[in-house]
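The lines below spell out each chain.
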Amino acid sequence: MPVAVHAPDPISREGAIGQLRRHPEIELREESASGPGTVALLIGDTLDEPTLTRLRRLARSEGARAVLVVGALRESELLDVIECGVGAIVWRREATASRLVQAVLAAARGDGDLPADLLGRLINQVGTLHRSAAGGPGLASTSGLTPRESDVLRLVAEGFDTSEIAGKLSYSERTVKNVIHGLTTRLHLRNRAHAVAYALREGYI
């Protein structure tokens, strides 16, 4: 898996490269090589404007799969990050070699990989936004999702992986992947995390 590391300082960049270099499944690339088929690992202490701008450029303009390694993330920044197309977020304090590789591989597959505390915050935040926009709790009356898609996304939001979702719904793993691929393609969503954010924001789940 080709990976390009982007960091604001050479120490952070070399530290991440040193962690990833030990893993044969990772092929390290120069920063300028980020593009479709590449995972861009972006490191920052906070999500300042330059970091967010770079994130948007990597994921939207260059088509890279993005992993964000960050020290802290405010509530107001979480949806911005997800909507940029970031499928995996790692806290800097938890950025061990194995954790970075796990996030990179998840991003490459189009899976979501968020810390448990962030996933809970995302669900709460989007739920609050939806209730506020709708004038009260409740589900959207006209869902753009089929019941099967809603069931799959609800389990994605709860943190289950493809095989676990297949087991719970008595589907094959291929069916689960096809459902997710179909809805992300149809709704122009970038990955599973973006699909969950969209479904929660719109009140579909």
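Peer 1: Which residues make up the overall build of the protein chain, and what are the values?
Peer 2: When helices and strands are tallied, the protein chain shows nine helices and five strands. Element order for the protein chain, N to C, with α for helix and β for strand: β-α-β-β-α-β-α-β-α-α-α-α-α-α. Residue burial in the protein chain is summarised as follows: out of 205 residues, 48% are buried. Surface accessibility of the protein chain: about 9900 Å² in total, with carbon and sulfur atoms responsible for 51%.

Peer 1: Explain the packing of aromatic side chains residue by residue, including any values.
Peer 2: The geometry of an aromatic ring pair is captured by two quantities: the separation of the ring centres and the angle between the planes. In the structure shown here, the tally under the stated rule is zero aromatic pairs. Taking the ring centre of Y171 as reference, the NZ or CZ of R148 above it sits at 4.8 Å.

Peer 1: Go over the side chain of E149, please, and point to the residues and values.
Peer 2: Within the element layout of this structure, E149 appears in helix α6 (residues 147-157). Since its relative accessible area comes to 8%, E149 is described here as buried. Not counting the four nearest positions on each side in its chain, E149 is found in contact with G144, V179, L183 and R186.

Peer 1: Break down helix α3 (residues 75-84) for me, with residues and values.
Peer 2: Where α3 is concerned, the buried positions are E77, L78, L79, V81, I82 and C84. Positioned one or two residues after α3, G85 has a phi angle of 110 degrees, which is positive.

Peer 1: Break down the environment of R74 for me, citing the residues and quoting the values.
Peer 2: Mapped onto the secondary structure, R74 falls in the loop between β4 (65-70) and α3. Given the relative accessible area of 56%, R74 is considered exposed. Between the alpha carbons of R74 and L47 there is a distance of 8.4 Å; along the sequence they are 27 residues apart.

Peer 1: Describe helix α8 (residues 173-186), listing the residues and the values that go with them.
Peer 2: Compared with an ideal rise of 1.5 Å per residue, which puts 14 residues at 20 Å, α8 spans 20 Å between its outermost C-alpha atoms and is within 8% of the ideal. Residues of α8 that are buried include every one of V176, V179, I180, L183 and T184, and no others. One face of α8 carries all of its buried residues, which in axial projection span an arc of 120 degrees. α8 presents R174 and H181 as exposed residues on the side facing more than 90 degrees away from its buried surface. Looking at the buried side of α8, the elements it contacts are α6, α7 (162-169) and α9 (192-202). Immediately beyond the C-terminal end of α8, within one or two residues, lies H188, with a positive phi of roughly 60 degrees.

Peer 1: Tell me about the packing of helix α2 (residues 49-61) against α3, and name the residues and values.
Peer 2: With their axes 9 Å apart at the nearest point, α2 and α3 run at an angle of 25 degrees to one another. Taken together, the axes of α2 and α3 lie roughly parallel to each other. In contact with L52, L55, R56, A59 and R60 of α2, α3 contributes D80, V81, E83 and C84. Taken together, the residues of the contact of α2 with α3 sort by class into five nonpolar, no polar and four charged.

Peer 1: Summarise the nonpolar core; cite the residues concerned and give the values.
Peer 2: L55, L68, L73, V81 and I89 are the most contacted members of the largest nonpolar core, which has 22 residues in total. Put simply, the parts of the chain that give this core at least two residues each are α2, β4, α3, β5 (86-91), α5 (116-134) and α9. Ranked by residues supplied to this core, first place goes to α3 with five residues. Apart from residues lying up to four places away in sequence, V81 is in contact with L47, L55, L68, L73, V86 and I89.

Cut-offs and rules
- Residues numbered from 1 in each chain as written.
- Predicted model: local features only at pLDDT ≥ 70, side-chain atom pairs only at ≥ 80, totals over all residues.
- Heavy atoms only, no water.
- Helix = DSSP H or I, 4+ residues; strand = E, 2+ residues; numbered from the N terminus.
- Buried < 20%, exposed > 50% of the residue type's maximum accessible area, 1.4 Å probe, protein only.
- Areas by Shrake-Rupley, 256 points an atom, 1.4 Å probe, with all protein chains shown as cover.
- Phe/Tyr/Trp six-rings, centres within 6.5 Å; stacked < 30°, edge-to-face > 60°.
- Lys NZ or Arg CZ within 6 Å of the ring centre and 35° of its normal.
- Contact = heavy atoms within 4.5 Å.
- Expected span 1.5 Å × (residues − 1).
- Arc of directions from axis to C-beta.
- Axes fitted to C-alpha atoms, helices over the stretch in contact; angles between N-to-C directions.
- Parallel < 35°, antiparallel > 145°, perpendicular 65-115°, else oblique.
- Nonpolar A, V, L, I, M, F, W, Y, C, P; charged D, E, K, R; others polar.
- Core = buried A, V, L, I, M, F, W, Y, C linked by side-chain atoms within 4.5 Å.

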